[in-house]
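Survey of secondary and tertiary structure
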Amino acid sequence: MCRVFAGQDPEGYRQINRSIRIDGHSTSIQLEATFWGLLDEIADSQGLTTPKFISKLYDEAIEINGQIPNFASMLRTTCALYLRGHRPNAEEQAALKREAA
């Protein structure tokens, strides 16, 4: 049963650092390649670049929660929610497209 997980391509869990500007500051985020691929997919589905999506996610999370104790972990759980089918509703998607234009 575990072979499907144990035999996965090591490229998927290779650590990748990306520099991103968040709240006017340049920061480096380290995630596994699989998570970066999912974040690219999520951003594209919302008509945003990955850096713009991550910056927007950060801003909204700060607005809602006041702080983010571990942003890399939040990005990973964002990917998990996406894989479980959580998506913005039609109204939210339309607003994102208007902002991106």
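Residues numbered from 1 in each chain as written. Predicted model: local features only at pLDDT ≥ 70, side-chain atom pairs only at ≥ 80, totals over all residues. Heavy atoms only, no water.

Under the annotation held in an unreviewed UniProt entry, the protein chain carries the name Ribbon-helix-helix domain-containing protein and is attributed to Mesorhizobium australafricanum.

**Structural notes on the overall build of the protein chain**
Along its length, the protein chain carries five helices and two strands. Overall, the protein chain shows an N-to-C arrangement of helices and strands of α-β-β-α-α-α-α. Principal axes of the C-alpha set define a box for the protein chain whose edges measure 45 × 30 × 25 Å. Of all 101 residues assigned to the protein chain, the portion counted as buried reaches 28%. Relative to all contacts within the protein chain whose residues are 6 or more apart in sequence, the contacts with residues 24 or more apart total 41%. A gap of 4 Å separates the mean positions of the 11 positive and 13 negative side-chain charges of the protein chain. (Helix = DSSP H or I, 4+ residues; strand = E, 2+ residues; numbered from the N terminus. Buried < 20%, exposed > 50% of the residue type's maximum accessible area, 1.4 Å probe, protein only. Contact = heavy atoms within 4.5 Å. Lys, Arg positive; Asp, Glu negative; His and termini not counted. Charge placed at Lys NZ, Arg CZ, Asp CG, Glu CD.)

**So, helix 2 (residues 33-45)**
In an α-helix there are 3.6 residues to a turn, and that puts residues three or four apart on one side. Taking 1.5 Å of rise per residue, 13 residues should cover 18 Å, and helix 2 covers 18 Å from first to last C-alpha, within 8% of that figure. What helix 2 keeps buried is the set Ala-33, Trp-36, Leu-38, Leu-39, Ile-42 and Ala-43. Of the surrounding elements, those touching the buried residues of helix 2 are strand 1 (15-22), strand 2 (25-32), helix 3 (50-65) and helix 4 (71-83). Once helix 2 finishes, Gly-47 follows within two positions and takes phi at roughly 70°, a positive value. (Expected span 1.5 Å × (residues − 1).)

**Examining the packing of helix 3 against helix 4**
The N-to-C vectors of helix 3 and helix 4 enclose an angle of 105°; their axes lie 12 Å apart at closest approach. In terms of axis orientation, helix 3 runs roughly perpendicular to helix 4. In this structure, helix 3 uses Phe-53, Ile-54, Leu-57, Tyr-58 and Ala-61 to contact helix 4, whose residues at the interface are Phe-71, Met-74, Leu-75 and Thr-78. Across the contact of helix 3 with helix 4, the residue classes tally to eight nonpolar, one polar and no charged. (Axes fitted to C-alpha atoms, helices over the stretch in contact; angles between N-to-C directions. Parallel < 35°, antiparallel > 145°, perpendicular 65-115°, else oblique. Nonpolar A, V, L, I, M, F, W, Y, C, P; charged D, E, K, R; others polar.)

**Structural notes on helix 4**
If you check helix 4, its first and last C-alpha atoms are 19 Å apart, about what 13 residues at 1.5 Å a residue would give, namely 18 Å. Within helix 4 the residues assigned to the buried category are Phe-71, Leu-75, Thr-78, Cys-79 and Tyr-82. Taken around the axis of helix 4, the buried residues stretch over an arc of 100°, which confines them to a single face. Structurally, helix 4 contributes buried residues whose contacts are with strand 1, strand 2, helix 2 and helix 3. Once helix 4 finishes, Gly-85 follows within two positions and takes phi at roughly 100°, a positive value. (Arc of directions from axis to C-beta.)

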